Amino acid sequence: MELHILYALYYNKHISRKQFIILRRRMRSRKAAVLEEDAWREQSFDLDDYSDKECRAYFRFKREALFQLLEAFGIPDVVRTPSRDSATGLEALCIVLRRLAYPNRWLEMRKMFGRSHSSLNRLFYATLRVIDRSSKVLKTWDHSWLKEDDFEIYADSIAAKGGPGVIRDVFAFIDGTARPICRPIFYQRQMFSGHKRIHCTKWQSVVLPNGLILNLYGGQRGSMHDSRLLNESKILEELHEKQAGFVRKYVLYGDSGYAKKNGILHKSHSRIEIRLSKAKDQNTLMSKLRQSVEWCFKEVVTKFAFVDFRKQMKLYEKPVNRIYRVAVLLTNCHNCLYPNQTSRYFDLEPPSLFEYLSCSQED
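Our subject in this report is the structure included herewith.

### Digging into the side chain of Gln-243
Then step 1. Its place among the elements puts Gln-243 in the loop between α11 (235–242) and β7 (251–254).
Then step 2. With a relative accessible area of 4%, Gln-243 lands in the buried category.
Then step 3. A polar contact of 2.6 Å, which involves the side chain of Gln-243, links it to the backbone nitrogen of Tyr-250.
Then step 4. Residues in contact with Gln-243, not counting those within four places in the same chain, are Arg-248, Lys-249 and Tyr-250.

This is the structure we're talking about:
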């Protein structure tokens, strides 16, 4: 309906004043939406329009690193969805990185990429599945950069940083974290953590002194204890198999939430044990070193803050576990390109990007 026809109907008293106001507001809002839609459709994404500084702010990686990620993840030249949306691999990767970098809305992103919010949504999840194929590096111990000599280097770097009195055979640190989610429709009691007082999913990470999250297991219910998460992950059995034939046996170090087992240690908390030994000084030294696990957890939610926005983490509407798993994988890739706080603290360089993802490319 044209605006002059609406005025004619009002002056001829075919519609009331209330109806006239409602219809005029609808027409103006519809016209504004059409103008806005035409405005963002005229734009198209071009990476050359962004400097390295802007790329670091929007996508967390420099422009050159984006092409390296494109090759390392094996993202195809053209990404297509079942709804016939298509985008170049570089644009699809940038959509994922921009979405995860900060909890922004599709409405804000469509001005950058020149696409509707529904198209952006479909391309995001399609590319997320492609990147998630490389996440098996977070589950395996079969890495070219993790041999017996590397175990020794990691253990010696921790011992050198802690000084005399630390445990000499610790090569990595283990800890659990709770990722907040929106209150689910079903199984609210199981997903609720009485310790954190939130609905969440539980994750377990093994962090190396070079800043990499070596092993990631989780997505379990929030009420699960860290010790049970350790038993279900079978990580100690995998570590034992990895060290078969090693001259020196190495262990993980965790907090007191874990039981002392063959392959994992934690601080001494028995009064008798502390009095009869130098365990008190050892606890102080190892606790400072174990903080590197928390630094890596901080890196994930700082670099990719979308995973920390609980209102968007809807368990039965979105692949929450996949989103966090990909965020951890991208954080490791970011560490390979730009060494993080943990890597600088222990003075250890992580492997290169392609060396880190080499086992994920082997079929």
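### Things to note about the packing of aromatic side chains
Aromatic ring pairs are defined here through the distance separating the ring centres and the angle between the ring planes.
Then step 1. Taken as a whole and judged by the stated rule, the model has 18 aromatic pairs.
Then step 2. For the ring pair Trp-106 and Phe-124, a centre distance of 5.8 Å and an interplane angle of 65° mean the geometry is edge-to-face. One end of the pair, Trp-106, is in helix α6 (residues 106–113); the other, Phe-124, is in helix α7 (residues 117–132), and 18 residues separate them in sequence. We note that Trp-106, like Phe-124, is buried.
Then step 3. A centroid spacing of 6.5 Å and a plane angle of 85° characterise the contact between Phe-173 and Tyr-253, whose relative ring orientation is edge-to-face.

### Description of a negative patch on the surface
Then step 1. Residues Asp-46, Asp-48, Asp-49 and Glu-54 make up a contiguous surface patch of negative charge.
Then step 2. Its place among the elements puts Glu-54 in helix α3 (residues 52–59).

### Description of a nonpolar patch on the surface
Then step 1. On the surface, Ile-185, Phe-186, Tyr-187 and Tyr-316 cluster together to form a nonpolar patch covering roughly 500 Å² of accessible area.
Then step 2. Summarising the element assignment, Ile-185 is placed in the loop between β3 (170–180) and α9 (188–191).
Then step 3. Residue Ile-185 is classed as exposed on the basis of its relative accessible area, which comes to 63%.

### Thoughts on the nonpolar core
Then step 1. One finds Phe-59 and Phe-171 to be the most contacted residues of the largest nonpolar core, which totals 100 residues.
Then step 2. By residue number, the principal contributor to this core is helix α14 (residues 320–337), which donates 10 residues.
Then step 3. With residues up to four places along the chain from it excluded, the contact list for Phe-59 reads Phe-45, Leu-47, Glu-54, Leu-66, Cys-94, Leu-97, Arg-98, Met-112 and Phe-113.

### So, the pattern of salt bridges
Then step 1. In this structure the tally under the stated criterion is 13 salt bridges.
Then step 2. For Asp-85, the salt bridge goes to Arg-122, with nearest N and O atoms at 2.4 Å. Highlighted residues: Asp-85 in the loop between β1 (78–80) and β2 (86–88) and Arg-122 in helix α7, separated in sequence by 37 residues.
Then step 3. We note a salt bridge from Asp-175 to Arg-290, for which the minimum N-O separation is 3.3 Å. Taken as a pair, Asp-175 in strand β3 and Arg-290 in helix α13 (residues 279–303) lie far apart in primary sequence, 115 residues in all. Assigned by exposure class, Asp-175 and Arg-290 land together as buried.
Then step 4. A single salt-bridge network, built from bridges that share partners, covers Asp-132, Arg-322 and Arg-325.

### Some words on unusual backbone geometry
Then step 1. Here Tyr-187, not a glycine, exhibits a phi torsion of approximately 55°, which is positive.
Then step 2. Tracing the chain through its elements places Tyr-187 in the loop between β3 and α9.

### Observations concerning helix α8 (residues 148–162)
Then step 1. Helix length check: α8, at 15 residues, gives a terminal C-alpha distance of 21 Å against a target of 21 Å (1.5 Å per residue), a fit within 8%.
Then step 2. Three or more residues of α8 are buried, namely Asp-150, Phe-151, Tyr-154, Ala-155, Ser-157, Ile-158, Ala-159 and Gly-162.
Then step 3. At the exit of α8 stands Gly-163, carrying a positive phi of roughly 85°.

### Considerations on the packing of α6 against α7
Then step 1. Where α6 meets α7, the closest approach of the two axes is 9 Å, and the angle between their N-to-C directions is 90°. As summarised for this structure, α6 and α7 are arranged roughly perpendicular, according to the angle between their axes. Contact residues: Trp-106, Met-109, Arg-110 and Phe-113 in α6; His-117, Leu-120, Asn-121 and Phe-124 in α7.
Then step 2. Class assignment of the residues belonging to the contact of α6 with α7 gives a composition of 5 nonpolar, 2 polar and 1 charged.

### Comments concerning the environment of Met-286
Then step 1. With respect to the helices and strands, Met-286 occurs in helix α13.
Then step 2. Among the residues examined, Met-286 registers a relative accessible area of 0% and is labelled buried.
Then step 3. The sequence separation of Met-286 and Val-170 amounts to 116 residues, and the corresponding C-alpha distance is 9.8 Å.

### Side note on α6
Then step 1. Within α6, the full set of buried residues consists of Trp-106, Met-109, Arg-110, Met-112 and Phe-113. Axial view of α6: buried residues confined to an arc of 160°, hence all on one face.

### Side note on the environment of Lys-242
Then step 1. Mapped onto the elements, Lys-242 comes out in helix α11.
Then step 2. What makes Lys-242 buried here is its relative accessible area of 18%.

### Thoughts on the packing of helix α5 (residues 89–101) against α7
Then step 1. Running from N to C, α5 and α7 point in directions that differ by 100°, and their axes come no closer than 9 Å. On the basis of the axis angle, α5 is roughly perpendicular to α7. Along the contact surface, α5 presents Ala-92, Leu-93, Ile-95, Val-96, Arg-99 and Leu-100, while α7 presents Leu-120, Leu-123, Phe-124, Thr-127, Leu-128 and Ile-131.
Then step 2. The class makeup of the residues in the contact of α5 with α7 is 10 nonpolar, 1 polar and 1 charged.

What counts, and where the lines are drawn
Residues numbered from 1 in each chain as written. Predicted model: local features only at pLDDT ≥ 70, side-chain atom pairs only at ≥ 80, totals over all residues. Heavy atoms only, no water. Helix = DSSP H or I, 4+ residues; strand = E, 2+ residues; numbered from the N terminus. Buried < 20%, exposed > 50% of the residue type's maximum accessible area, 1.4 Å probe, protein only. Polar contact = N/O pair within 3.5 Å; in protein donor to acceptor, adjacent residues only side chain to side chain. Contact = heavy atoms within 4.5 Å. Phe/Tyr/Trp six-rings, centres within 6.5 Å; stacked < 30°, edge-to-face > 60°. Patch = residues over 30% accessible without salt bridge, like charges linked within 9 Å, V, L, I, M, F, W, Y side chains within 5 Å. Areas by Shrake-Rupley, 256 points an atom, 1.4 Å probe, with all protein chains shown as cover. Salt bridge = Lys/Arg side-chain N within 4 Å of Asp/Glu carboxyl O. Lys, Arg positive; Asp, Glu negative; His and termini not counted. Charge placed at Lys NZ, Arg CZ, Asp CG, Glu CD. Core = buried A, V, L, I, M, F, W, Y, C linked by side-chain atoms within 4.5 Å. Expected span 1.5 Å × (residues − 1). Axes fitted to C-alpha atoms, helices over the stretch in contact; angles between N-to-C directions. Parallel < 35°, antiparallel > 145°, perpendicular 65-115°, else oblique. Nonpolar A, V, L, I, M, F, W, Y, C, P; charged D, E, K, R; others polar. Arc of directions from axis to C-beta.

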